[in-house]
Amino acid sequence: MSLVFAALSPHPPLLIPNIGKKNISKLAETKKALEKLEESLYVSYPDTILIISPHGHSFPDVFGINASPTFTTDFARFGDLATTHNFKADLPFISQITAAAKRKHFPFVLHLDPGLDYGSSVPLFYLTRHLPKVKIIPVSFSQLDHKTHMDFGYLLKEEIMKTPERVAVIASADLSHRLSDKGPGGFSPDGAKFDETVIAALKNLNSAALLNMDPQITVNAAACGLRSILILLGILRHINYDLKILSYEKPLGVGYLTAEFALK
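It should be emphasised that the depicted structure is a prediction, and the values quoted were computed from it without experimental measurement.

**So, the packing of helix α3 (residues 91–103) against helix α5 (residues 146–160)**
Next, step 1: Interhelical geometry of α3 versus α5 gives an angle of 130° and a closest axis separation of 10 Å. Classified by the interaxial angle, the pair formed by α3 and α5 is oblique. Note that α3 runs across α5; the crossing there is right-handed. The residues of α5 that touch α3, namely those facing Phe93, Gln96, Ile97, Ala100, Ala101 and Arg103, are Leu155, Leu156, Glu159 and Ile160.
Next, step 2: Counted by class, the contact of α3 with α5 contains 7 nonpolar, 1 polar and 2 charged residues.

**Structural notes on the nonpolar core**
Next, step 1: Within the largest apolar cluster, 81 residues are counted, with the highest numbers of intra-cluster contacts made by Leu8, Ile49, Val169, Phe194, Leu210, Ile229 and Phe261.
Next, step 2: Per element, the largest residue contribution to this core is 7 residues, and it comes from helix α9 (residues 226–235).
Next, step 3: Once residues within four sequence positions are removed from consideration, Val169 is found in contact with Leu3, Phe5, Ala6, Ala7, Leu50, Ile52, Ile160, Leu232 and Ile235.

**Some remarks on helix α6 (residues 189–203)**
Next, step 1: Between the first and last C-alpha of α6 there are 22 Å, a value that for 15 residues agrees with the 21 Å anticipated at 1.5 Å per step.
Next, step 2: Looking only at α6, the buried set comprises Asp190, Gly191, Phe194, Asp195, Val198, Ile199, Ala201 and Leu202. Down the axis of α6, the sector holding all buried residues measures 165°, keeping them to one side. Projecting away from the buried face of α6 at angles above 90 degrees are the exposed residues Pro189, Glu196 and Lys203.
Next, step 3: On its buried side, α6 packs onto β1 (2–9), α7 (207–211), α8 (215–221), α9, β10 (241–249) and β11 (256–263).

How each quantity is defined
- Residues numbered from 1 in each chain as written.
- Predicted model: local features only at pLDDT ≥ 70, side-chain atom pairs only at ≥ 80, totals over all residues.
- Heavy atoms only, no water.
- Axes fitted to C-alpha atoms, helices over the stretch in contact; angles between N-to-C directions.
- Helix = DSSP H or I, 4+ residues; strand = E, 2+ residues; numbered from the N terminus.
- Parallel < 35°, antiparallel > 145°, perpendicular 65-115°, else oblique.
- Left-handed = near helix turned anticlockwise from the far one by under 90°.
- Contact = heavy atoms within 4.5 Å.
- Nonpolar A, V, L, I, M, F, W, Y, C, P; charged D, E, K, R; others polar.
- Core = buried A, V, L, I, M, F, W, Y, C linked by side-chain atoms within 4.5 Å.
- Buried < 20%, exposed > 50% of the residue type's maximum accessible area, 1.4 Å probe, protein only.
- Expected span 1.5 Å × (residues − 1).
- Arc of directions from axis to C-beta.

Scope: geometric values only; no functional claims are made or implied.
The following block contains the structure:
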């Protein structure tokens, strides 16, 4: 069918009730934004969600798709053994992507892991509450250059436009982890510089600003999600959309951006 939805979601485990408990209130704006995003996703009626996570099983020189037939969200590393949700994979579409990557000699590999990382699990917890039958395809990036990530996104876009399924894409991405002394990496002045550059680039539809960002700023900012964003922008190449920033907050020293790329 086509691409029917595209969004950027953060993935703080603190948003999961059994993990965050009363501390969820510290991320009230992000929680509200994800609930709003869930409404938009629901009315797009997706058959399949392609979710790009920075915390999936990644390889240095190839992109990956988790081709397990079934998946279970997993928050065990955060002490929550009770919160689980089950999903099925879209295996025909995974096969289609695999064939395209092989045909174009693109660095790509399949792997099998029924447990979903928290970069996928947190957004799916909020965004699929009313989509019990939706299928998912977990995508992981590589350590290849930024342009290759956008090219991989464009390969995915071409296949999305060929599939009979209605496809939603969610890029799971936290921004800088060094926005204040509260952050897990401590403070770096490049943290705010990174977040400001990313947000301005998205607002101005300026992918080149992300491709050409000083690599040292990215390293100093300790951001996990830039490559997820680049793949998403590759998928959105030559597609008209309006950017809707639903929230941006940083109470814990990490930049959490929630945005919808409203398709025209």
